[in-house]
Amino acid sequence: MEGQTSDKIGCIVYEGGTGEIVEKKSRFIAQVFPVETEEETLRIIEETKKKYWDARHNCYAYILGERGDISRCTDDGEPSGTAGRPILEVMTGAGLHNVLVIVTRYFGGTLLGTGGLVKAYSQATQEGLAASIVVDKLTGRKLKIITDYNGVGKLQYILAGMEITAIDTQYGEDVVFSVAVPESRCGELIHKVTEATAGQAQISGQDERVYFGVVQGEVIIF
């Protein structure tokens, strides 16, 4: 979506996933969880440690808050800086917040060295994120556009051309489109709709800021 980059305020894990790599017979299992609070995060960590009680290490990192206000990581017995920090750096590099990544290691009998560990934990985290649904979190406006049936085709054409997905469309005496528009493109959409309908379309919601994302062609409001 054009203009999306300037409206992006971070990334959200919409649906967590699991990825795995094997390095010199050691298994690294990365699990990704969307989280909102530290209490929830710590509960998931404890549950994971119980589930993988027989693993050598359960290393993790998490970032909480809109601006990443809270971030923690642990090496869980691995040499300092070889596990938790690499996990955290992959997460911050992806612009993520409100996310927990736990990488469980089953030792394969061969030491990897500090460089090998950093690489393995980083790659495992990347695999976990690749298996998850990660959504750009955008700031914008939720507009309601009301038009008569003569304006429907024009609106659909404009929305398609701007790659804007309607949240909802209601057909009654008039047609009501609800759309989430990136902040930087709100004025452009209003101008195009007003021009195409000769000012007949009613537009409201310009003052209603929302945070949203698009998942598999469907708009979600955060």
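So, how was this worked out
Residues numbered from 1 in each chain as written. Predicted model: local features only at pLDDT ≥ 70, side-chain atom pairs only at ≥ 80, totals over all residues. Heavy atoms only, no water. Helix = DSSP H or I, 4+ residues; strand = E, 2+ residues; numbered from the N terminus. Contact = heavy atoms within 4.5 Å. Axes fitted to C-alpha atoms, helices over the stretch in contact; angles between N-to-C directions. Parallel < 35°, antiparallel > 145°, perpendicular 65-115°, else oblique. Left-handed = near helix turned anticlockwise from the far one by under 90°. Nonpolar A, V, L, I, M, F, W, Y, C, P; charged D, E, K, R; others polar. Pairing = 2+ DSSP bridges. Buried < 20%, exposed > 50% of the residue type's maximum accessible area, 1.4 Å probe, protein only. Core = buried A, V, L, I, M, F, W, Y, C linked by side-chain atoms within 4.5 Å. pLDDT = per-residue confidence, 0-100. Phe/Tyr/Trp six-rings, centres within 6.5 Å; stacked < 30°, edge-to-face > 60°. Lys NZ or Arg CZ within 6 Å of the ring centre and 35° of its normal.

K.L.:
Now, about the overall build of the protein chain: what can you tell me, with residues and values included?
P.N.:
When its secondary structure is counted, the protein chain shows six helices and twelve strands. A principal-axis box enclosing the C-alpha atoms of the protein chain has dimensions of 75 × 30 × 25 Å. Contacts spanning at least 24 positions in sequence make up 72% of the contacts within the protein chain whose residues lie at least 6 apart.

K.L.:
Describe the environment of Phe222, with residues and values.
P.N.:
Along the polypeptide, Phe222 turns up in the segment after β12 (218-221). Leaving out residues up to four positions away in the same chain, Phe222 has contacts with Ile12, Val135, Lys137, Tyr211, Phe212 and Gly213.

K.L.:
Can you break down the packing of helix α5 (residues 152-161) against helix α6 (residues 186-196) residue by residue, with the values?
P.N.:
Interhelical geometry of α5 versus α6 gives an angle of 155° and a closest axis separation of 10 Å. By the angle between their directions, the pair α5 and α6 is classed as roughly antiparallel. Classified by chirality, the crossing of α6 by α5 is right-handed. Contact residues: Lys154, Ile158 and Leu159 in α5; Leu189, Lys192, Val193 and Ala196 in α6. Its residues placed into classes, the contact of α5 with α6 shows five nonpolar, no polar and two charged.

K.L.:
Describe the sheet that holds strand β4 (residues 57-64), listing the residues and the values that go with them.
P.N.:
The antiparallel open sheet is built from five strands, whose spatial order is β2-β3-β6-β4-β5. Strands with a single pairing partner mark the edges of an open sheet, and in this sheet they are β2 (18-23) and β5 (70-74). Across the sheet, the mean angle separating the axes of adjacent strands is 15° when strand polarity is ignored. Relative to β5, β4 runs antiparallel, the two sharing five bridges. Residue Tyr60 lies in a different strand from β5, and its bridge partner there is Thr74. Along the sheet, helix α2 (residues 38-51) contacts β3 (26-34), β4, β5 and β6 (99-106); its crossing angle with β4, the most-contacted strand, is approximately 165°.

K.L.:
Report on the pairing of β4, specifying residues and quantitative values.
P.N.:
As a general feature of sheets, a regular strand has side chains that alternate between the two faces. Extensive coverage of β4 is indicated by the burial of eight of its eight residues. With burial as the criterion, each face of β4 is covered, one bearing His57, Cys59, Ala61 and Ile63 and the other bearing Asn58, Tyr60, Tyr62 and Leu64. Where β4 folds back onto β5 in an antiparallel hairpin, the turn is made up of five residues, including Gly65, whose phi is positive at roughly 100°.

K.L.:
Help me get a handle on the nonpolar core, residues and values and all.
P.N.:
Core analysis: the largest hydrophobic core is formed by 24 residues, its most contacted members being Phe28, Ile87, Met91, Val99, Val101, Val103 and Tyr121. Those elements giving two or more residues to this core turn out to be β1 (8-15), β3, β4, α3 (84-93), β6 and α4 (113-130). Residue contributions to this core peak at five residues, all from α4. Discounting chain neighbours no more than four positions away, the residues touching Ile87 are Cys59, Tyr60, Ala61, Val101, Val103, Tyr121 and Thr125.

K.L.:
Kindly report on the confidence of the model for the protein chain, identifying the contributing residues and their values.
P.N.:
Summary statistics for the protein chain give a mean pLDDT of 93 and a share of 98% for residues scoring 70 or more. The weakest mean pLDDT in the protein chain belongs to helix α1 (residues 4-7) at 66; the strongest belongs to β6 at 98.

K.L.:
How would you summarise the pairing of β6 if you had to cite specific residues and measurements?
P.N.:
Extensive coverage of β6 is indicated by the burial of seven of its eight residues. Judged from the eight bridges that link them, β3 and β6 form a sheet pairing that is antiparallel. Note on β6: the bridge partner recorded for Gln31 is Ile102.

K.L.:
Hey, could you go over the packing of aromatic side chains for me, with residue numbers and the actual values?
P.N.:
Here the structure, examined in full by the defined rule, presents four aromatic pairs. Summarising the aromatic geometry, the rings of Phe28 and Tyr121 are spaced 5.0 Å apart at their centres and angled 85° between planes, so their arrangement reads as edge-to-face. Residue Phe28 is found in strand β3, and its partner Tyr121 is found in helix α4; the two are separated by 93 residues along the sequence. Across the pair, Tyr121 and Phe28 agree in class, each one buried. On the basis of an interplanar angle of 15° and a centroid distance of 6.3 Å, the ring pair of Tyr60 and Tyr62 is categorised as stacked. Each member of the pair, Tyr60 together with Tyr62, is buried. Between Lys137 and the ring centre of Tyr211, over which it is positioned, the NZ or CZ distance is 5.3 Å. Its guanidinium or amino end placed over the ring of Phe222, Lys137 lies 5.6 Å from that ring's centre, counting from NZ or CZ.

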